Amino acid sequence: MMMNGDAANGGPAATLAAAPAAASVAGGAANVGPAVPTLGFATRAIHVGCPPDPGSGAVVPPISVSSTFAMPGLVKKDHMYSRLSNPNRDGFEACLASLEGGKHGFAFASGQAATVTMMHTLKAGDHVVSIDDVYAGTQQYFTRIATPMGLNFTFCDMAAPGALEAAILPTTRLVWLETPTNPTMKITSIEAVAAAAHAVGALLVVDNTFASPYLQSPLALGADVVFHSVSKYIGGHSDLVMGALVTSDAALAVRLRHLQINMGATPSPFDCFLASRGLKTLALRMVAHSTNGAAVAAAVEAHPAVRKVLYPGLASHPSHAVATMQMRGGGGMMTFWLRGGLPAARAFLGALSVVTLAVSLGGVESLVEHPALMTHASLPPEVRAELGIDDGMVRLSVGIEDAADVVADITQALDAAKAVIDGGAPATAAPATGAVGAAAAPPKVTGVKRPHE
Ligand SMILES: *Cc1c(COP(=O)(O)O)cnc(C)c1O
């Protein structure tokens, strides 16, 4: 007799197991999103796209490394060739689509690969409006790769009244919004941007990386496509580079599947396994990131070494009201500006011990970075100045360590910065020269030319 697992678990798991269909090669876009919408986020995160293996009963589906799949009698079972579809990729795509409240998910070898594939839905001559403080890699792709290939871009602060309406042209086919943005934590109403984009028949893509599907649901607010760098909160453990798109638009889904499998920037089965495992704890982690983020933001805001802090959960954030409407929590990302410019920033970064100085974000460990010298070093200085990315700016990804330890570490490092400020270091520091950390042994970051998260 076959064992179906315990009764309590058998119900939802059995229903969910039947839901995600394999991605079809020809028509594509067959994976099913919200399998059983009545089930909660955490339940779907754990069960959608992840039924026990029908052969062995393994509760965790095996990593399917085969590049090709047997077709006895010329009949294709679920899969044919792994670039076209793969069991681990299908499972991840179905689960993420469900968590975003969408119908079709698409996984890519990186967030950048997802961006490039999305932009191939356009053709030369099309116009795109992008938020100005867009992820630096997205900005580089838009300006230095897609522009020479014939796409036209206008960058604007979509939260500024009238700015988006002024930027949108009759030829605008796509609007690219990030909220919250990296690193200036701009928060823009997804609903308002969707209305403006749809008024001229343009699609709205929302980069939901900073919020994660747990804290923000762009499709429900009118977006046509959700973008993720899976490398961040979804992977969640700083051990994965992957990207994804989700949509409910059937025609667009067919096009995206065609582009995904023919451009070929698909992720490995092992990476899809890691991403699926990340999704299973996303709900728990985002609650912890939000709790710790709020504690750290309050401590940072109260410290005399800090000029300003931007955190969605703080009432002092200029778009706190928008954040409250469209986000379910503050998350773990914040940016603050130290008084005393680069010398104070150096003292702060050099004094940290629990928090690690490194790019990227969204992992279980707290990470800090200095945008002007690290992630955004590639931006022209005038663009950095326009965006407010100066030498006193620090970006923090608060992890899920004990909140008290993170707060204590940051507080003592801010005290170290305060000592430098009080010691008479120039308030306006010399421009960044390419090294951060303790003056005695500055870590070499001069080689960082390309923006990476
Ligand atoms: C990291 C990141 C990307 C790019 O994703 P990769 O996985 O590094 O290619 C895009 N947008 C945001 C907001 C990011 O943080």
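Criteria and cut-off values
- Residue positions are given per chain, counted from 1 along the sequence in the order it is written.
- The predicted origin of the model limits local features to residues at a pLDDT of at least 70 and limits the giving and counting of side-chain atom pairs to 80 or more, whereas totals for whole chains, interfaces and linings rest on all residues.
- To obtain the side-chain values, all non-hydrogen atoms of the structure were included, while hydrogens and water were left out.
- UniProt positions are given in the numbering used here, feature names are shortened, and annotations may be inferred rather than shown by experiment.
- Buried, partly exposed and exposed residues are distinguished by accessible area as a fraction of the type maximum, computed with a 1.4 Å probe on protein chains only: under 20%, between the cut-offs, and over 50%, respectively.
- Counting from the N terminus, the helices are DSSP H or I runs at least four residues long and the strands are E runs at least two residues long.
- Between two residues, a contact is recorded if the distance between any of their heavy atoms is within 4.5 Å.
- One heavy atom suffices: a residue is near a molecule or strand as soon as one of its heavy atoms comes within 4 Å of it.
- Definition of a polar contact: a pair of N or O atoms within 3.5 Å, with one able to donate and the other able to accept a hydrogen when the atoms are protein atoms, and with sequence-neighbouring residues admitted only if both atoms are side-chain atoms.
- Shrake-Rupley sampling with a 1.4 Å probe provides the accessible areas, and residues are treated as covered by the protein chains on show and by no other component.
- All residues other than Ala, Val, Leu, Ile, Met, Phe, Trp, Tyr, Cys, Pro, Asp, Glu, Lys and Arg, Gly among them, are scored as polar; the first ten of these are nonpolar and the last four charged.
- In this analysis an axis means a line fitted to C-alpha atoms, helices contributing only their contacting stretch, and an angle means the value between N-to-C directions, from 0 to 180 degrees.
- Crossing handedness: left-handed means the near helix sits turned counterclockwise from the far one by under a right angle, and right-handed means the same turn made clockwise.
- Take the buried residues of types Ala, Val, Leu, Ile, Met, Phe, Trp, Tyr and Cys, join any two whose side-chain atoms come within 4.5 Å, and each joined set is a nonpolar core.
- Start and end points for every domain follow an automatic or database-based domain assignment.
- Pairing of aromatic rings covers Phe, Tyr and Trp, the last through its six-membered ring, and needs centres within 6.5 Å; plane angles under 30 degrees mean stacked, over 60 mean edge-to-face, and all others mean tilted.
- For a Lys NZ or an Arg CZ to count as sitting over a ring, it must be within 6 Å of the ring centre and within 35 degrees of the ring normal.
- By definition, two strands form a pair when at least two bridges between them are found by DSSP.

The name given to the protein in an unreviewed UniProt entry is cystathionine gamma-lyase, and the organism recorded there is Porphyra umbilicalis. According to its UniProt record, the protein has this under Cofactor (unreviewed entry): "pyridoxal 5'-phosphate".

**Things to note about helix α5 (residues 136-146)**
Across the 11 residues of α5, eight count as buried, placing the element largely inside the fold. Buried residues in α5 make contact with α4 (111-119), β2 (127-131), β3 (152-156) and β4 (172-178).

**Focus: the site of the ligand**
In the vicinity of the ligand there are 14 residues, among which Gln112, Asp207, Ser229, Ser231 and Lys232 approach most closely. Residue Gly111 places a main-chain N or O atom 2.9 Å away from an oxygen atom belonging to the ligand. Calculation on the ligand without its partners gives an accessible area of 380 Å², and the protein chains cover 95% of this total. Here the shell around the ligand is built from residues that sort into four nonpolar, six polar and four charged.

**Remarks on the packing of α4 against α5**
Direction vectors running N to C along α4 and α5 enclose 35°, while the axes themselves pass 10 Å from each other. Regarding α4 and α5, the two cross each other, and that crossing is right-handed. Of α5, the residues touching α4 (which contributes Gln112, Thr115, Val116 and Met119) are Gly137, Thr138, Tyr141 and Phe142. Its residues assigned to classes, the contact of α4 with α5 shows four nonpolar, four polar and no charged.

**Comments concerning the UniProt feature "modified residue: N6-(pyridoxal phosphate)lysine" (unreviewed entry) in the protein**
The UniProt entry lists Lys232 under the feature "modified residue: N6-(pyridoxal phosphate)lysine" (unreviewed entry), expressed in the numbering used here. With respect to the helices, strands and loops of the structure, Lys232 is situated in the loop between β6 (225-229) and β7 (243-247). Classification of Lys232 by relative accessible area gives buried; the value is 5%.

**Some points on the nonpolar core**
Of all hydrophobic cores here, the largest spans 44 residues; its most connected members are Phe92, Leu96, Val230, Met242 and Leu279. Here this core gets six residues from one element, more than from any other, and that element is helix α3 (residues 87-99). When residues of this core are assigned to domains, at least three map to each of domain 1 (7-282) and domain 2 (289-421). Excluding residues within four positions of it along the chain, Leu279 makes contact with Ala45, Phe92, Cys95, Leu96, Leu99 and Ile234. Core analysis: the next-biggest nonpolar cluster, separate from the first, contains 42 residues, Ile131, Tyr141, Ala223 and Phe227 among them.

**Topic: the environment of Ser319**
In this fold, Ser319 is placed in the loop between β8 (306-310) and α12 (320-326). Using a relative accessible area of 16% as the deciding quantity, one classes Ser319 as buried. Separated by 132 residues in the primary sequence, Ser319 and Ile187 place their C-alpha atoms 5.9 Å from one another.

**Brief notes about the packing of aromatic side chains**
Across all of its chains, the model carries eight aromatic pairs by this definition. A ring pair is formed by Tyr141 and Phe142, whose centres lie 6.1 Å apart and whose planes are at 55°; its orientation type is tilted. On the accessibility criterion, Tyr141 (6% relative accessible area) is buried. The interplanar angle of 20° and the centroid separation of 6.3 Å between the aromatic rings of Phe153 and Phe155 together place this pair among those described as stacked. Among the aromatic residues, ring-to-ring pairing joins Tyr141, Phe142, Phe153, Phe155, Trp176 and Phe227 into one connected group. Cation over ring: Lys308 sits above Trp337, and NZ or CZ is 4.5 Å from the ring centre.

**Some remarks on the sheet that holds strand β11 (residues 367-369)**
Sheet architecture is open: five strands sit in the order β8-β9-β12-β11-β10, paired in mixed fashion. Of all strands in the sheet, those bounded by a partner on one side alone are β8 and β10 (356-357). As judged from the three bridges shared by β11 and strand β12 (residues 393-397), these two strands associate in the antiparallel manner. Paired with Leu367 across the two strands is Ser397, which belongs to β12.

**Details of the environment of Lys186**
Assignment of secondary structure puts Lys186 in the loop between β4 and α7 (190-199). When its relative accessible area of 19% is taken as the criterion, Lys186 is described as buried. The sequence separation of Lys186 and Asp133 amounts to 53 residues, and the corresponding C-alpha distance is 7.7 Å. With residues near it in sequence (within four places) discarded, Lys186 still touches Asp132, Asp133, Asp157, Glu178, Thr179, Pro180, Thr181 and Leu387.

**A look at α4**
Residues separated by three or four positions in an α-helix point in the same direction, a consequence of the helix having 3.6 residues per turn. Most of α4 is tucked away: seven of the nine residues are buried. Turning to α4, its buried residues number three or more, namely Gly111, Ala113, Ala114, Thr115, Thr117, Met118 and Met119. At the N-terminal end of α4, a side-chain oxygen is found 3.4 Å from the backbone nitrogen of Gln112, two or three residues along, and the residue is Ser110.

**Regarding the sheet that holds β2**
Read from one edge of the open sheet, seven strands run β1-β7-β6-β5-β4-β2-β3, paired in mixed fashion. Across the chains shown, the open sheet's two edge strands, defined by having one partner strand only, are β1 (104-108) and β3. Strand after strand, the sheet turns through a mean of 20° between neighbouring axes, direction not considered. Of the strand pairs in this sheet, β2 and β4 are connected by four bridges, and their pairing is parallel. Paired with Val128 across the bridge in β4 is Leu174. On top of the sheet, α5 reaches β2, β3 and β4; it is set at about 145° to β3, its chief contact. The strands touched by α7 within the sheet are β4 and β5 (203-207), with β5 carrying the most contacts at an inclination of about 150°.

**Re the environment of Gln412**
The residue Gln412 is located in helix α15 (residues 403-422) in this model. Distance from Gln412 to Phe348, taken between C-alpha atoms, is 8.5 Å for residues 64 residues apart in sequence. When residues no more than four places from it in sequence are discounted, the contact partners of Gln412 are Ala351, Leu352 and Ser353.

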